Amino acid sequence: MTEGKLVEAAEAHKTLQDFDPPKKRKRNKYAFACAMLASMTSILLGYAIYIKRDLKVSDEQIEILLGIINLYSLIGSCLAGRTSDWIGRRYTIVFAGAIFFVGALLMGFSPNYSFLMFGRFVAGIGIGYALMIAPVYTAEVSPASSRGFLTSFPEVFINGGILIGYISNYAFSKLTLKVGWRMMLGVGAIPSVLLTVGVLAMPESPRWLVMRGRLGEARKVLNKTSDSKEEAQLRLAEIKQAAGIPESCNDDVVQVNKQSNGEGVWKELFLYPTPAIRHIVIAALGIHFFQQASGVDAVVLYSPRIFEKAGITNDTHKLLATVAVGFVKTVFILAATFTLDRVGRRPLLLSSVGGMVLSLLTLAISLTVIDHSERKLMWAVGSSIAMVLAYVATFSIGAGPITWVYSSEIFPLRLRAQGAAAGVAVNRTTSAVVSMTFLSLTRAITIGGAFFLYCGIATVGWIFFYTVLPETRGKTLEDMEGSFGTFRSKSNASKAVENENGQVAQVQLGTNVQT
């Protein structure tokens, strides 16, 4: 359908109410609360650690300790898709919190490096579950009008956890050497307890309920989490269609064909995908890869090393500088949550990655100048500190939250859990590689060379996002698949057409739409 025909159709169906002044849409408070509780799972990831001299470990051991948890989390993320389809999204969140609770306690009571690694293993499995299930549950419970806002909550809590970790690192540094870092790791058990209590008030995902034939329960959840009764009915009809249930079926409980054990899903994702599914898989895995390959974990985990290289040698000053990093990340991720559904995913992501490229380039130049200078250059020191803060700010305003929002909303219902798990697997593997090689990389090509490398990767990422990722703002989850199938960015761009009542209709340019 052409743009002109769409506008004519909208004009023809106008009623008297369409000429009333547009009413300001209120956010659904019930969906908001559900998203917050689900996303609390992700705060568990934020307790970044800097193991002190207590264990007398080498740089290589620190690299492994910080990065290995990402590989451990692959176990959780690979199991989370099957688990969430089996026991439901809500109880998978409880399971994730319980696993991390055990891991945090083990890390807090670690007597040596080996025991600490075992605690990281347990916590890593919980993190893998959390990273997969929180965005999926939130996307499935949220109305389309505020899905970007609500689905970005996991990233908000990750950044909040990083900030708390930095602050606790500073606070606990005042304690004795043996107690300080163990206290910081042990307090990670507290959010998991709060999460387990809070989850009792959460509903199950309406999409999971429909997949299980529990239409009556799904209808009640949709009535609470939608902006209107009409939207709830529309969402239910679309979910039923995606699950293969006739739209005319209004029973509270229906028989649904049992899904396979997942083999068919994986085949549809990777072996015999349609053009649209292939495009979705490439987009989801690509956005996860470039988010981490641009070096964010190197900055977050090793910011004290970066600041030390820039000329800050006092331990207290380095810790305070890392607190500033956490504060900037948190402030800008909060700003991103309020712009995702207004600006759209694509423009915000391209602007964000463009800012990351400039920040990384300037940081690399500044650190290279410092490395080759025999005296302390205050302008280069100031530039390095400013660019670290600029990088985490631009990352948090777009690439950070949009990765989780985008990858959780583009997969069809039948593929969502496993597709999201595959994205998390790529994310954690790339994160592990970056965090476990940064110190070795700086010794091999200098710290400035490492950031030149990350800058190049971020540049390739910007080209990938511009070419491959269509806009998804305002689309229902069931309608998402129609946006994919071609890699031409102009053909993929969705153009919003607004009528006088402020309603938005999405026109997919360059595709065949039947009327």
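Residues numbered from 1 in each chain as written. Predicted model: local features only at pLDDT ≥ 70, side-chain atom pairs only at ≥ 80, totals over all residues. Heavy atoms only, no water.

The name that an unreviewed UniProt entry assigns to the protein chain is Polyol transporter 5 isoform B, with the source organism given as Glycine soja. Database annotation for the protein chain, UniProt heading Subcellular location (unreviewed entry): "Membrane". (UniProt positions renumbered as here; feature names shortened; annotations may be inferred.)

**A short note on the nonpolar core**
Counting residues in hydrophobic clusters, the biggest one holds 69 residues, and the most contacted among them are Ile410, Phe438, Phe451, Tyr454, Phe465 and Leu469. For this core, the leading source of residues is helix 20 (residues 416-468), giving 13 residues. Apart from residues lying up to four places away in sequence, Phe465 is in contact with Gly286, Ile287, Phe290, Arg346, Leu349, Leu350 and Val353. Ile69, Tyr113, Met117 and Met132 belong to the second-largest nonpolar core, a separate cluster that totals 51 residues. (Core = buried A, V, L, I, M, F, W, Y, C linked by side-chain atoms within 4.5 Å. Buried < 20%, exposed > 50% of the residue type's maximum accessible area, 1.4 Å probe, protein only. Helix = DSSP H or I, 4+ residues; strand = E, 2+ residues; numbered from the N terminus. Contact = heavy atoms within 4.5 Å.)

**Points about the packing of aromatic side chains**
What the rule picks out here adds up to twelve aromatic pairs. Each ring, one from Tyr72 and one from Phe121, has its centre 5.0 Å from the other, and the planes form 85 degrees; the classification is edge-to-face. With Tyr72 in helix 3 (residues 59-87) and Phe121 in helix 5 (residues 113-141), this pair connects stretches of sequence that are 49 residues apart. Overall, the relative accessible area of 29% leaves Phe121 in the partly exposed class. Centre to centre, the rings of Phe464 and Phe465 are 5.8 Å apart; their planes meet at 70 degrees, and the pair counts as edge-to-face. Aromatic rings pair up to connect Phe289, Phe290, Phe464 and Phe465 into one cluster. One Lys or Arg, Arg346, reaches over the ring of Tyr466 and ends 5.0 Å from the middle of that ring. (Phe/Tyr/Trp six-rings, centres within 6.5 Å; stacked < 30°, edge-to-face > 60°. Lys NZ or Arg CZ within 6 Å of the ring centre and 35° of its normal.)

**Considering the packing of helix 4 (residues 89-108) against helix 5**
In contact at an axis separation of 8 Å, helix 4 and helix 5 are set at 155 degrees when each is read in the N-to-C sense. As judged from the angle between their axes, helix 4 and helix 5 are roughly antiparallel. Seen from above, helix 4 lies across helix 5 with left-handed handedness. Split into classes, the residues belonging to the contact of helix 4 with helix 5 amount to 20 nonpolar, four polar and three charged. (Axes fitted to C-alpha atoms, helices over the stretch in contact; angles between N-to-C directions. Parallel < 35°, antiparallel > 145°, perpendicular 65-115°, else oblique. Left-handed = near helix turned anticlockwise from the far one by under 90°. Nonpolar A, V, L, I, M, F, W, Y, C, P; charged D, E, K, R; others polar.)

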